[in-house]
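So you can see what is in the structure, the chains are spelled out below.
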Amino acid sequence: MKTALRFTALVMLAAILAACAREVVEEPAPPEPPPPSEPAPVETDRVNPRDYTDARNLDNPDSLLSQRVIYFEFDRSNVRSQFRPIVEAHAEYLRANPSARVILEGHTDERGSREYNLGLGERRGNAVDELLRAGGVPSRQIEVVSYGEERPVCRDSNEDCWQRNRRTEIVYTAR
Amino acid sequence: MAVLLVALLLPALASAQLRIEIVDGVEGAMPIAVAPFAWDSDMPEPATSVSEIISANLHRSGLFDPMDEAQMIDRPTRPPEVGFGTWRLLKVDHLVIGRVTDAPDGVGYEIEYHLLDVHTGRILLSQALPVGPGDLRFGAHRVTDAVYERLIGVPGAFATRIAYVVVTDQDGDDELFELVVADADGHNPQTIVRNTQPILSPSWSPDGRKLAYVSFATGRSNVIVQDLYTGQNRNVSSDRGINGAPAFSPDGRKLAVSLSRGGSPDIWVIDLENDRREQLTQHWTIATEPAWAPESGRIFFTSDRAGRPQIYSMRSDGSDVQRETREGRYNARPSFGLDDRHLAVVWSDGDNDFRIAIHDRETDRLRVLSDGRLDESPSFAPNGSMVLYATRQNGRGVLAAVSADGRVRQRLVLSEGDVREPAWSPIIR
């Protein structure tokens, strides 16, 4: 009896631990910390992933510029600290490339009413917009468009999906 | 592939039809019989007869228990032919009889019908209703409206239409959004507009002729007003930011909308005759989903000015703002029926379960009517009897309807795709 109880407790503990572990994994991956500074390679055609003025880095998976989605907490629109380096990298790019244009697409998860979610999605777009402008980007380079819950990237009704849908996408319309 | 094939086979404007299932009816629904109507016309009789449509309507309301035609021993079509004793033995309270003839002027038909009280033998209602050549179904709905009103005491809402949005997956990541208008029983679905960009928030004009809706066809939100008879559409708002949540004023001349051109969504009213705009709210929070109260003309709306979304109301000039809902953490998307007293809303007490509720403004009590997890977009029937809303079933969007007292439940299912954003039309004369 005692053993059975202890076993049950163990199984439960394991389940709880597994649940916790999963939650950590489910968080959208934070951006990688900037690599330690090292002497720049001498080859001329190699791209420095930390050169946020270089358009080639928009497609370079090693560069923060290739990351263009900012994720949010439920019913919140503040940009969390782990996503700020991404926004700052894009601010640097937009400053250096005055002809570049972005649309900040604000999105929400499916919970709650659609029109309210349009408002919430716009807030998320605006939050990124404010950071970009604080980083010196002229407002003419930026447009905010809210899609609310109308354009989910994931269709299941659970938190795994919802946290991927609560986002602002930085979409370049001109590089 | 299967989806694509179906899409190709469909005629350009017709759309798949909603199937309405009764989930819950009223215990002790009224026994009634609709005897087959006589067909006295040179035109061929349609496959579904007028009496079958009336019977199905009454059944769908959940308040009636119509007798099967096969069980009817007697099939009178005129009052003198009715042997009341027989109907009493069959335990029927009321009887509907009638005939369809060619209209006296030769255009269309005339439906002559009678509603009889089986116990007293009295005729409760007699009418000859002229209907246009293609309008027999609609005529049957109007007969049902009259029968319903005579027996229940409130006008029926059978001769009405519903608008909704259907979303189907296309090849690749693409989706197709269609705004569809159908009869209230799901028949005659017509696609009003289709696009690969989102369509939402359809709203009827009070005469039932026009729909206002939000379209992302340009990649940004725009408010469109479309005439259902001419097909003509007009972009009435394409400002910077959100253009959303259209709602016609009770006189049909104005459109309340939510615009974020000032930095955050506020309620504005657009005069549809001269395009003049008036800003009614000015607050840094979200104000959206305006709804005009049918009696007072006050405008109700959703705002999170107190932290979480709640319903507020104001005069139609923006003055005298009052908070309306307090029960629960989330109240949004107000919808009115017949009166100012009952307000259907999306309600939640937490972050995960969103349900349809009716807020009674006189008692300040809230009654939760649905039990889904993601119920939204409530739309009152114009007679206040039922609330139509969007819910999910097996991961798919479906529509559902619940009576205002919670006793009758229906599900409206489409064979393919996601159905959402229902809007019940006003009563169409």
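Computed from a predicted structure; not experimentally measured.

1. Observations regarding the overall build of chain A
Of regular secondary structure, chain A possesses four helices and four strands. Burial analysis of chain A (175 residues in total) assigns 43% to the buried set. The contacts of chain A with a sequence gap of at least 6 include a subset with a gap of at least 24, amounting to 69%. Of the roughly 9,400 Å² that chain A leaves accessible, carbon and sulfur atoms contribute 55%.

2. Structural notes on the interface of chain A and chain B
Taken together, the 26 residues of chain A in the interface contact 39 residues of chain B. Between chain A and chain B lies a buried interface of about 2,800 Å² when both sides are counted; carbon and sulfur atoms form 49% of it. Taken together, the connections running from chain A to chain B amount to nine salt bridges. As a salt-bridge pair, Glu376(B) and Arg114(A) come within 3.1 Å of each other at their nearest N and O atoms. At the boundary of chain A with chain B, the tally comes to 16 residue pairs in polar contact (both at pLDDT 80 or more). If you list the elements that add at least two residues to the side of chain A that touches chain B, you get α3 (114–134) and β3 (142–148) of chain A. The biggest single contributor to the side of chain A that touches chain B is α3(A), with nine residues. Classifying every residue of the side of chain A that touches chain B gives eight nonpolar, six polar and twelve charged.

3. Some remarks on the domain arrangement of chain B
Reports often express the size of an interface as the amount of accessible area lost when the parts come together. Residues and elements named next belong to chain B. Domain assignment breaks chain B into domain 1 (35–152) and domain 2 (161–424). Using C-alpha coordinates to define each centre, domain 1 is positioned 35 Å away from domain 2. Between domain 1 and domain 2, the residue contacts involve eight residues of the former and nine residues of the latter. Taken together, both faces of the contact between domain 1 and domain 2 bury some 660 Å²; the carbon and sulfur share is 50%. The partner of Arg137 in a salt bridge is Asp185, with the nearest N and O atoms 2.8 Å apart.

4. Quick notes on the packing of helix α2 (residues 50–60) of chain B against helix α4 (residues 136–152) of chain B
Packed helices, taken two at a time, are described by the angle between their axes plus the distance between the axes. Residue and element names in this part refer to chain B. At their nearest, the axes of α2 and α4 sit 9 Å apart, and the two run at 50 degrees to each other. One way to sum up the angle between α2 and α4 is to call them oblique. Considering only the axes of α2 and α4, their crossing is right-handed. When α2 is examined against α4, the residues Val50, Ile53, Ile54, Asn57 and Leu58 are found in contact with a partner set consisting of Leu136, Arg137, Ala140, His141, Val143, Thr144 and Val147. Looking at the contact of α2 with α4 residue by residue, the classes come out as eight nonpolar, three polar and one charged.

5. Observations concerning the sheet that holds strand β11 (residues 199–204) of chain B
All names here are of chain B. Overall, antiparallel pairing links the four strands, which are arranged β11-β12-β13-β14 in an open sheet. Strands with a single pairing partner mark the edges of an open sheet, and in this sheet they are β11 and β14 (233–237). Within this sheet the neighbouring strands show an average axis-to-axis angle of 25 degrees, counted without direction. In this structure, strand β13 (residues 222–227) lies alongside β14, joined through four bridges in antiparallel fashion. Within β14, the position partnered with Gln226 by the bridge is Asn233.

6. Topic: the packing of aromatic side chains
The full count for this structure, using the stated rule, is ten aromatic pairs over all chains. Summarising the aromatic geometry, the rings of Tyr147(A) and Phe216(B) are spaced 4.9 Å apart at their centres and angled 25 degrees between planes, so their arrangement reads as stacked. Taken as a pair, Tyr147(A) in strand β3 and Phe216(B) in the loop between β12 (210–215) and β13 lie in two separate chains rather than in one. Under the relative-accessibility criterion, Phe216(B) is labelled buried at 0%.

7. Section: the pairing of strand β31 (residues 418–424) of chain B
Residue and element names in this part refer to chain B. Burial analysis of β31 places seven of its seven residues in the buried class, which makes it a mostly covered element. Judged from the five bridges that link them, strand β8 (residues 161–169) and β31 form a sheet pairing that is antiparallel. Residue pairing for β31: Val167 is matched across the bridge by Asp418.

8. Quick notes on the packing of helix α2 (residues 84–96) of chain A against α3(A)
All names here are of chain A. Contact geometry of α2 with α3 gives a least axis separation of 9 Å together with a crossing angle of 55 degrees. Considering their axes alone, α2 and α3 lie oblique with respect to each other. The chirality of how α2 crosses α3 is right-handed. The residues of α3 that touch α2, namely those facing Arg84, Val87, His90, Ala91 and Leu94, are Val128, Leu131 and Leu132. Of the residues assigned to the contact of α2 with α3, the class counts are six nonpolar, one polar and one charged.

9. Some thoughts on the side chain of Asp360(B)
Residue and element names in this part refer to chain B. On the secondary structure map, Asp360 appears in strand β25 (residues 355–360). Note on Asp360: relative accessible area 12%, which makes it buried. From its side chain, Asp360 meets the backbone nitrogen of Glu362 in a polar contact 2.9 Å long. Not counting chain neighbours up to four residues away, the residues in contact with Asp360 comprise Arg341, His342 and Arg365.

10. Concerning α4(B)
All names here are of chain B. Helix length check: α4, at 17 residues, gives a terminal C-alpha distance of 24 Å against a target of 24 Å (1.5 Å per residue), a fit within 8%. By the burial criterion, the buried members of α4 are Leu136, Arg137, Gly139, Ala140, His141, Val143, Thr144, Asp145, Val147, Tyr148 and Leu151. One or two residues past the end of α4 sits Gly153, with phi positive at roughly 95 degrees.

11. Side note on the pattern of salt bridges
Within this structure, the stated rule accounts for 40 salt bridges over all chains. For the salt bridge of Arg166(A) with Glu159(A), the shortest nitrogen-to-oxygen distance reads 2.7 Å. Relative accessible area serves as the criterion here: at 4%, Arg166(A) is assigned to the buried category. Taking the relative accessible area as the measure of exposure, Glu159(A) reaches 35% and is therefore partly exposed. Between Asp360(B) and Arg341(B) there is a salt bridge, with its nearest N and O atoms 2.8 Å apart. Residue Asp360(B) is located in strand β25, and its partner Arg341(B) is located in the loop between β23 (330–336) and β24 (342–348); the two are separated by 19 residues in the primary sequence. Its relative accessible area of 30% is what places Arg341(B) among the partly exposed residues. Sharing partners across several salt bridges, the network here consists of Arg114(A), Glu149(A), Glu150(A), Arg333(B), Glu376(B), Arg392(B), Asp418(B), Arg420(B) and Glu421(B).

Rules used throughout
- Residues numbered from 1 in each chain as written.
- Chains lettered and ligands numbered in written order.
- Predicted model: local features only at pLDDT ≥ 70, side-chain atom pairs only at ≥ 80, totals over all residues.
- Heavy atoms only, no water.
- Helix = DSSP H or I, 4+ residues; strand = E, 2+ residues; numbered from the N terminus.
- Buried < 20%, exposed > 50% of the residue type's maximum accessible area, 1.4 Å probe, protein only.
- Contact = heavy atoms within 4.5 Å.
- Areas by Shrake-Rupley, 256 points an atom, 1.4 Å probe, with all protein chains shown as cover.
- Buried area = accessible area lost by both parts, 1.4 Å probe.
- Salt bridge = Lys/Arg side-chain N within 4 Å of Asp/Glu carboxyl O.
- Polar contact = N/O pair within 3.5 Å; in protein donor to acceptor, adjacent residues only side chain to side chain.
- Nonpolar A, V, L, I, M, F, W, Y, C, P; charged D, E, K, R; others polar.
- Domains from an automatic or database assignment.
- Axes fitted to C-alpha atoms, helices over the stretch in contact; angles between N-to-C directions.
- Parallel < 35°, antiparallel > 145°, perpendicular 65-115°, else oblique.
- Left-handed = near helix turned anticlockwise from the far one by under 90°.
- Pairing = 2+ DSSP bridges.
- Phe/Tyr/Trp six-rings, centres within 6.5 Å; stacked < 30°, edge-to-face > 60°.
- Expected span 1.5 Å × (residues − 1).

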